Amino acid sequence: RCLSVLRRRCDIAGKRLSGPGLAAEGRVLRSVLYVYHSRLLRHRPYLALQQVEQCLKRLWKMNLVGCLETLVELTPKKNASKAQAECLVPSQPMLETVALKVLGGCKLILRLLDCCCKAFLLSVKHLCSKEFILLNTLASGLLSRLWFVIQYRCVLQSLTSLYGALSTVLHLVSETQQTPYIKGFTFPADISDFLGVNISSETKKQKAQMLTTQKSTSWMKKLFPPMPEAVSKVGKKRKSEPCTSAMKNPSILCAVDIGETVV
């Protein structure tokens, strides 16, 4: 039963880590950093974007997805476990290696979310100061999407639940035959003790910070001031006019200004 739970959670965590959303946002982030490298070496939002990209790079270099796939291959399937009383299980060194990588991956993802939040707040702050409007608009949209992809796909939650199954199997295997591989480190029974934060409360806090910053600064109103009353009335009147005459006579469309005046 423990092995089937471990296998299922490995599959879920691997799929969520290797999803197209996270990889796509990483490619866009690298492209933005490459384009602005020579111009914004000392710009604070750019430096914060570099920290986000560094966390993503370290996460991919861990090869956590490949490690989970290897563990799935070593874990017996349901049919095999039911057919015979004894079955081969992953060794203690293999389980310890995967558990250590899962712990490191959770720490990295927490750091990645924190860097995304800080870089987003910096981008919005500099956007309100009308500095590098194009870069900061791109950065704020990219960072909010990256943060949302990790939260929406529950990447961190799937890894924490995977560690719970890993810890149970590791305990059972070590009781059967002790062959410790990683020495000088005690694997925590609860991953929240190792991370030092409550994941749900931390993500709610970050989300509140990002939403409060957007509402309090109202940076779109600072960039695009409200239209004068006369212009807005003209726009409303233009919208309310029927377009039947224009449809009957297409030449009128050339003279009609579709859209409103932008100050």
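Rules used throughout
Residues numbered from 1 in each chain as written. Predicted model: local features only at pLDDT ≥ 70, side-chain atom pairs only at ≥ 80, totals over all residues. Heavy atoms only, no water. Helix = DSSP H or I, 4+ residues; strand = E, 2+ residues; numbered from the N terminus. Buried < 20%, exposed > 50% of the residue type's maximum accessible area, 1.4 Å probe, protein only. Contact = heavy atoms within 4.5 Å. Areas by Shrake-Rupley, 256 points an atom, 1.4 Å probe, with all protein chains shown as cover. Polar contact = N/O pair within 3.5 Å; in protein donor to acceptor, adjacent residues only side chain to side chain. Axes fitted to C-alpha atoms, helices over the stretch in contact; angles between N-to-C directions. Parallel < 35°, antiparallel > 145°, perpendicular 65-115°, else oblique. Left-handed = near helix turned anticlockwise from the far one by under 90°. Nonpolar A, V, L, I, M, F, W, Y, C, P; charged D, E, K, R; others polar. Core = buried A, V, L, I, M, F, W, Y, C linked by side-chain atoms within 4.5 Å. Salt bridge = Lys/Arg side-chain N within 4 Å of Asp/Glu carboxyl O. Expected span 1.5 Å × (residues − 1).

Looking up the protein chain in an unreviewed UniProt entry gives the name NEPRO protein, with the organism given as Hylia prasina.

K.L.:
I'd like a rundown of the overall build of the protein chain, residues and numbers included.
P.N.:
For the protein chain, the count of helices and strands is 14 helices and zero strands. Relative to its full complement of 263 residues, the protein chain shows a buried share of 39%. Intrachain contacts of the protein chain at a sequence separation of at least 6 include 85% that bridge at least 24 residues. Carbon together with sulfur atoms contributes 58% to the accessible area of the protein chain, which is approximately 16100 Å² in total.

K.L.:
Lay out the side chain of Ser158 with the relevant residues and their values.
P.N.:
Here Ser158 is to be found in helix 8 (residues 155–176). A distance of 2.7 Å separates the side chain of Ser158 from the backbone oxygen of Val155, its partner in a polar contact. Discounting chain neighbours no more than four positions away, the residues touching Ser158 are Ile12, Ala13 and Arg16.

K.L.:
Outline the environment of Val35, supporting the account with residue identities and numerical values.
P.N.:
Positionally, Val35 belongs in helix 2 (residues 20–35). On the accessibility criterion, Val35 (44% relative accessible area) is partly exposed. A sequence separation of 100 residues divides Val35 from Leu135, and the C-alpha atoms of the two residues are 9.9 Å apart.

K.L.:
Describe the packing of helix 2 against helix 7 (residues 133–152), listing the residues and the values that go with them.
P.N.:
For the pair helix 2 and helix 7, the least separation of the axes is 10 Å and the interaxial angle reads 160°. Regarding the angle of helix 2 to helix 7, the classification is roughly antiparallel. For helix 2 against helix 7, the interelement crossing comes out left-handed. Touching Gly21, Leu22, Glu25, Val28, Leu29 and Val32 of helix 2 are Leu135, Leu142, Arg145, Leu146, Val149 and Ile150, all from helix 7. Of the residues assigned to the contact of helix 2 with helix 7, the class counts are nine nonpolar, one polar and two charged.

K.L.:
So what's going on with the side chain of Glu96? Residues and values would help.
P.N.:
Within the secondary structure, Glu96 is located in helix 6 (residues 92–128). Here Glu96 falls in the buried class, since its relative accessible area comes to 4%. For Glu96, the contacting residues outside a window of four places in its chain are Leu170, Pro180, Tyr181, Ile182 and Phe187.

K.L.:
Just give me the short version of the environment of His126, but keep the residues and values in it.
P.N.:
Among the secondary structure elements, His126 is positioned in helix 6. With relative accessibility at 13%, the residue His126 sits in the buried group. Remark: the alpha-carbon pair of His126 and Pro45, spanning 81 residues in sequence, is separated by 7.8 Å. In this structure, His126 is in contact with His43, Arg44, Pro45, Glu131 and Asn136, ignoring residues within four places of it in sequence.

K.L.:
Give a detailed account of the nonpolar core, specifying residues and quantitative values.
P.N.:
Leu6, Val52, Val102, Leu159, Leu162 and Leu166 are the most contacted members of the largest nonpolar core, which totals 66 residues. Residue assignment for this core shows that the elements contributing at least two residues are helix 1 (2–17), helix 2, helix 3 (44–61), helix 4 (64–74), helix 6, helix 7, helix 8 and helix 9 (191–195). Considering each element in turn, this core owes the most residues, 19 residues, to helix 6. Residues contacting Leu6, with those up to four places away along its chain left out, are Leu71, Leu95, Leu162, Ala165, Leu166 and Val169.

K.L.:
Which residues make up the pattern of salt bridges, and what values do they have?
P.N.:
One pass over the full model with this rule turns up four salt bridges. With a closest N to O distance of 4.0 Å, Glu53 and Lys57 form a salt bridge. On the criterion of helical spacing, the pair formed by Glu53 and Lys57 is a turn pair, its members being four residues apart in helix 3. With a relative accessible area of 14%, Glu53 lands in the buried category.

K.L.:
Outline helix 6, listing residues and values.
P.N.:
With 37 residues, helix 6 extends 54 Å from end C-alpha to end C-alpha; this agrees with the ideal 54 Å at 1.5 Å per step. Two residues or fewer past helix 6, Lys130 is found with a positive phi of approximately 60°.

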